[in-house]
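Below, each chain spelled out in residue letters.
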Number of protein chains: 2
Amino acid sequence: MRLDEFSLIGQIRKDFPAAEGTKGIGDDCAIISQKDGMETLISTDMLIEGVHFLIDRISPFDLGWKSAAVNISDIAAMGGTPKATFLSIALPKNMSQNWIDDFLKGYHNISERYGVSLLGGDTTSSLNGVCINVTIQGECPKGKALTRSGARPGDLICVSGTLGDSAAGLKCLLSDDKDWPELLQKHYRPEPRINEGLALSKMPGIGAAMDISDGIASDLRHILEESRVGAEVELSRIPISESLLKICRANDWDPYELALCGGEDYELLFTCRPDSIIPIPHHQIGRITEGSSLKWIGSNKEYKGFSHF
Amino acid sequence: MRLDEFSLIGQIRKDFPAAEGTKGIGDDCAIISQKDGMETLISTDMLIEGVHFLIDRISPFDLGWKSAAVNISDIAAMGGTPKATFLSIALPKNMSQNWIDDFLKGYHNISERYGVSLLGGDTTSSLNGVCINVTIQGECPKGKALTRSGARPGDLICVSGTLGDSAAGLKCLLSDDKDWPELLQKHYRPEPRINEGLALSKMPGIGAAMDISDGIASDLRHILEESRVGAEVELSRIPISESLLKICRANDWDPYELALCGGEDYELLFTCRPDSIIPIPHHQIGRITEGSSLKWIGSNKEYKGFSHF
């Protein structure tokens, strides 16, 4: 039987109900209530060589950066402040000290930028390739976390930046095309939207939010499921960078395929009431509807997101 | 250059100092102060196929049990109450649904026994073998966590149960010897000493504490380093089970080698002032001294603990 990432998560969610005072599986982070008016946010991400990265196509510095960045992004998605990470890493025995030093430099560089300390972890050997797991802990004031379940019919759907650049960068990397450094950069060093998430969490009228890790074709569906709503997205409103347009023209690629299904943009996807003031740069791409369907306006194609299975 | 688990941890600890109000690398868990008089405890452990377990020698139920148990044990080591775990798991694509179901059953069984909920995680595919990472979150009242740095010269050194059974179980497993189910059981289903840790944390006069994962030959050294003390351990006082004695006689093994260096006992190793009341079953095995050396009384052999590199 073929494994499916989301059905496995669904099974776990059914078997393990969250305890009182906590909110478990279904958002970018779990939420644990503290007695002092704050909530602890925790998330974890695993990166496997050959699945999430190719060891000879990413520098150890960038891999260290990205391992921390994708976790910091989960805190951004909740509108929280990242505090600490826990790094587990399994390394083949022949891994050089230089590789490890550079990995830690990249991890340290982005951690310092966002004020995140490294409080623990696990180091072990591996028989086959590098395996990395990062757990992040952050916080937000009680009741202020942005979740996937807050969307309402009539909400506008917005994203915090252009989509598809990272996916195009991945294609460049796989075909050894070095002509698009700005796209490669987006793939190697995603910038978590911490300030944007914090700004959104302080405004009234923000509905649901999450970060875009698998592409909005997949990620938006999580918001629809958790909020029990539908959506219409206008393809003509999807923000696409100049570079992405150019590389798609040069290679005869569909920019919408990359923008909607590519993943790893780590921009924020959020909804808001139509009269809200949105305190960050953003692009409105659609609207939440009644029902449960996701309609792509301006396309006959069915777009599906990225799965790691 | 050959990697060394502990020098890598030392490097990380130097590069990433812990933030104010936190205590990071160096104990079984990190400690994060809350404003409400409690402390959050967090720890993480990675289990790699071929390094920590052989997939054809452990049932998925036991692997699920053990993955949670070794993390719950880290909370026990600090005298805390376990609250929630986060499970990351990378699975080869051909893994059966039955295997996954049984893994989750084992994980659920022990989690429920200790009142621990599963609040999140990550699921992904793997090209080579199963990789599991569990992060656990627990708590204890402020200032009550048992740490590795609390030992003082004159303290008694104690362990909460017999040592070496799990290591002997591992030898049985590797040689396909099914005659020692009680030793195999100790290896497959370690029982975290949560109640014992909680009881110790409430008593005055307890010095340092940790759980025994790599064997006391290695683990006791962590207490000595963190507390800046030395120790004398009397081999004749090391608690060894009847089964371990029997299997060692039958196979001409050194029971002390297994008891001191074998690892995975998950008993508590702790120190206490000589006049303390110790509220749990225990065996006194030695004494904390001035200086920094670790002396084995009753042996000419140098015992070294287990390393995953």
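Since this is a predicted model, take the numbers as computed values, not measurements. (Residues numbered from 1 in each chain as written. Chains lettered and ligands numbered in written order. Predicted model: local features only at pLDDT ≥ 70, side-chain atom pairs only at ≥ 80, totals over all residues. Heavy atoms only, no water.)

## Re the environment of glycine 154 of chain A
Residue and element names in this part refer to chain A.
Here is step 1 of the chain: Positionally, glycine 154 belongs in the loop between strand S6 (131-141) and strand S7 (156-159).
Here is step 2 of the chain: Measuring from C-alpha to C-alpha, the distance between glycine 154 and histidine 282 comes to 18 Å, with 128 residues separating the pair along the chain.
Here is step 3 of the chain: Ignoring sequence-local partners within four residues, the contact set of glycine 154 consists of Pro274, Arg287 and Ile288. (Helix = DSSP H or I, 4+ residues; strand = E, 2+ residues; numbered from the N terminus. Contact = heavy atoms within 4.5 Å.)

## Observations regarding helix H7 (residues 216-227) of chain B
An α-helix turns once every 3.6 residues. As a result, residues three or four positions apart point the same way.
All names here are of chain B.
Here is step 1 of the chain: Relative to the 16 Å expected for 12 residues at 1.5 Å per residue, H7 spans 16 Å between its end C-alpha atoms, a close match to the ideal helical length.
Here is step 2 of the chain: Along H7, the residues that are buried comprise Ile216, Ala217, Ser218, Asp219, Leu220, His222, Ile223, Leu224 and Ser227.
Here is step 3 of the chain: Looking one or two residues past H7, arginine 228 carries a phi angle of roughly 55°, positive in sign. (Expected span 1.5 Å × (residues − 1). Buried < 20%, exposed > 50% of the residue type's maximum accessible area, 1.4 Å probe, protein only.)

## Some details on the domain arrangement of chain A
Residues and elements named next belong to chain A.
Here is step 1 of the chain: Each assigned domain of chain A is listed here: domain 1 (5-141) and domain 2 (156-297).
Here is step 2 of the chain: Each of domain 1 and domain 2 has a C-alpha centre, and these two points are 21 Å apart.
Here is step 3 of the chain: Contacts between the two partners involve 26 residues from domain 1 and, on the opposite side, 25 residues from domain 2.
Here is step 4 of the chain: Taking both partners together, domain 1 and domain 2 bury about 2,200 Å²; carbon and sulfur atoms supply 52% of that area.
Here is step 5 of the chain: Contact with domain 2 buries area across many residues of domain 1, yet Arg57, Lys66 and Tyr114 alone supply 26% of it, more than any other trio. (Domains from an automatic or database assignment. Buried area = accessible area lost by both parts, 1.4 Å probe.)

## Notes on the pairing of strand S4 (residues 81-91) of chain B
All names here are of chain B.
Here is step 1 of the chain: Counting buried positions over the 11 residues of S4 gives nine, a clear majority of the element.
Here is step 2 of the chain: Across nine bridges, S4 lies against strand S6 (residues 131-141) in antiparallel orientation. Note on S6: the bridge partner recorded for phenylalanine 86 is threonine 135.
Here is step 3 of the chain: Inspection of the sheet shows S4 paired to strand S5 (residues 117-125) by eight bridges, in the parallel sense. Bridged to phenylalanine 86 within S5 is glycine 120. (Pairing = 2+ DSSP bridges.)

## Regarding the relation of the copies chain A and chain B
Here is step 1 of the chain: Screw-axis analysis of chain A against chain B gives a translation of 0.0 Å along the axis, an RMSD of 0.0 Å, and a rotation angle of 180°. The operation mapping one copy onto its partner corresponds to a two-fold rotation axis. Minimal C-alpha distance to the rotation axis in chain A is attained by aspartate 36 of chain A, lying at 2.6 Å.
Here is step 2 of the chain: In this assembly, 100% of the residues forming the interface of chain A have copies in chain B that are likewise at the interface, indicating an isologous arrangement. (Least-squares fit on C-alpha atoms with pLDDT ≥ 70 in both.)

## Remarks on the interface of chain A and chain B
Here is step 1 of the chain: In this complex, chain A contributes 64 residues to the contact, which on the side of chain B involves 64 residues.
Here is step 2 of the chain: Both sides of the chain A and chain B interface together cover about 5,600 Å² of buried area, and 66% of this is carbon and sulfur.
Here is step 3 of the chain: When residues of chain A are sorted by the area they lose upon contact with chain B, Phe16, Leu119 and Thr123 of chain A head the list and together hold 12% of the total.
Here is step 4 of the chain: Inspection of the region where chain A meets chain B yields zero salt bridges.
Here is step 5 of the chain: Across the contact surface, chain A and chain B share nine residue pairs in polar contact (both at pLDDT 80 or more).
Here is step 6 of the chain: Secondary-structure elements contributing two or more residues to the side of chain A that touches chain B are helix H1 (5-15), strand S2 (30-33), strand S3 (38-48), strand S4 (81-91), helix H3 (97-113), strand S5 (117-125) and S6 of chain A.
Here is step 7 of the chain: By residue number, the principal contributor to the side of chain A that touches chain B is S5 of chain A, which donates nine residues.
Here is step 8 of the chain: For the side of chain A that touches chain B, the residue count by class is 32 nonpolar, 23 polar and nine charged. (Salt bridge = Lys/Arg side-chain N within 4 Å of Asp/Glu carboxyl O. Polar contact = N/O pair within 3.5 Å; in protein donor to acceptor, adjacent residues only side chain to side chain. Nonpolar A, V, L, I, M, F, W, Y, C, P; charged D, E, K, R; others polar.)

## Concerning the sheet that holds strand S8 (residues 206-211) of chain A
Residues and elements named next belong to chain A.
Here is step 1 of the chain: Overall, mixed pairing links the six strands, which are arranged S8-S10-S7-S11-S9-S12 in an open sheet. The open sheet has two edge strands, S8 and strand S12 (294-297), and neither has a second partner. Looking at each pair of strands side by side, their axes are set apart by 25° on average, direction ignored.
Here is step 2 of the chain: In this sheet, strand S11 (residues 283-289) lies alongside S7 in antiparallel orientation, the contact comprising four bridges. Note on S11: the bridge partner recorded for cysteine 158 is glutamine 284.
Here is step 3 of the chain: Set on the sheet, helix H2 (residues 60-77) makes contact with S8 and strand S10 (268-272); between it and S8 the angle comes to about 175°.
Here is step 4 of the chain: Contacting S7, S8, strand S9 (230-234), S10, S11 and S12, helix H7 (residues 216-227) crosses the sheet at an angle of about 140° to S8. (Axes fitted to C-alpha atoms, helices over the stretch in contact; angles between N-to-C directions.)

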